[in-house]
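For reference, the chains in residue letters:
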Amino acid sequence: MVAAVLLGGCATGYHSDKGVIRGYTGGYWEQPGPGELLKVGFSGNGYIDRDTTHAYLMYRCAELALQRHKRYFRLYESLPDAIRDRPTMDLTVGWVAGDMGDWVFVLFDQDYSAGDLDAGEIEKRYVSYVHAQAGHR
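Residues numbered from 1 in each chain as written. Predicted model: local features only at pLDDT ≥ 70, side-chain atom pairs only at ≥ 80, totals over all residues. Heavy atoms only, no water.

S.K.: In this structure, what is going on with the environment of valine 130? I would like to understand it.
M.R.: Looking at the element boundaries, valine 130 is found in helix α5 (residues 119-135). Spatially, the C-alpha atom of valine 130 lies 10.0 Å from that of threonine 53, the residues being 77 residues apart in sequence. Once you skip the residues sitting within four places of it in the chain, valine 130 turns out to touch Tyr14, Ala55, Tyr56 and Tyr59. (Helix = DSSP H or I, 4+ residues; strand = E, 2+ residues; numbered from the N terminus. Contact = heavy atoms within 4.5 Å.)

S.K.: I tried to follow the pairing of strand β2 (residues 38-43) on my own but got confused; where do I start?
M.R.: Within a regular strand, the side chains alternate between the two sheet faces. Across the six residues that make up β2, a large majority, five, are buried. Summarising the sheet, strand β1 (residues 27-32) and β2 pair through six bridges and their orientation is antiparallel. Bridge pairing links proline 32 to leucine 38 in β2. Here β1 folds back onto β2, and the loop between the two strands holds five residues, one of which, glycine 35, carries a positive phi near 60°. Here six bridges tie β2 to strand β5 (residues 99-109), and the two strands are oriented antiparallel to one another. Each residue of the ladder has a partner; that of glycine 41, found in β5, is tryptophan 103. (Buried < 20%, exposed > 50% of the residue type's maximum accessible area, 1.4 Å probe, protein only. Pairing = 2+ DSSP bridges.)

S.K.: Can you walk me through the nonpolar core in this structure?
M.R.: Membership of the largest hydrophobic core comes to 28 residues, with the highest contact counts inside it found for Cys61, Phe73, Leu75 and Val106. Those elements that provide at least two residues to this core are β2, α3 (50-67), β3 (72-76), β5 and α5. Broken down by element, the residue count for this core peaks at nine residues, all from α3. Excluding residues within four positions of it along the chain, valine 106 makes contact with Glu36, Leu37, Leu38, Val40, Cys61, Phe73, Arg74 and Leu75. Grouped together as the second largest cluster of nonpolar side chains are five residues, Leu37, Tyr76, Ala82 and Phe105 included. (Core = buried A, V, L, I, M, F, W, Y, C linked by side-chain atoms within 4.5 Å.)

Here it is in structure tokens:
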């Protein structure tokens, strides 16, 4: 019971959703999409706000691009959007079953294509926010 109270008292931090404790507090996750797409998501608990969830998900997408040595990435809200190559420039973060979260399909690019986001710029935009939030936990 003490663990449940401690977990419920804090908003989700920036971490993977894997693990015994972290699985209950949410976090980021990835799963292979069709072809070169990767489905990336972030699920928070009831104590995280929309801006933080948005920042964590954007930061994670940039982080994954840079880990893959790709300079750019493109976001798609759905598979039909990816098939039609209709990228989104923003995320629709919202409440799902009492938890704040969102997911997107991501395509990583080395060379710029219309609709791409610059991974380095996105990482710089959100790194201080992500670390500042981590310092409040």
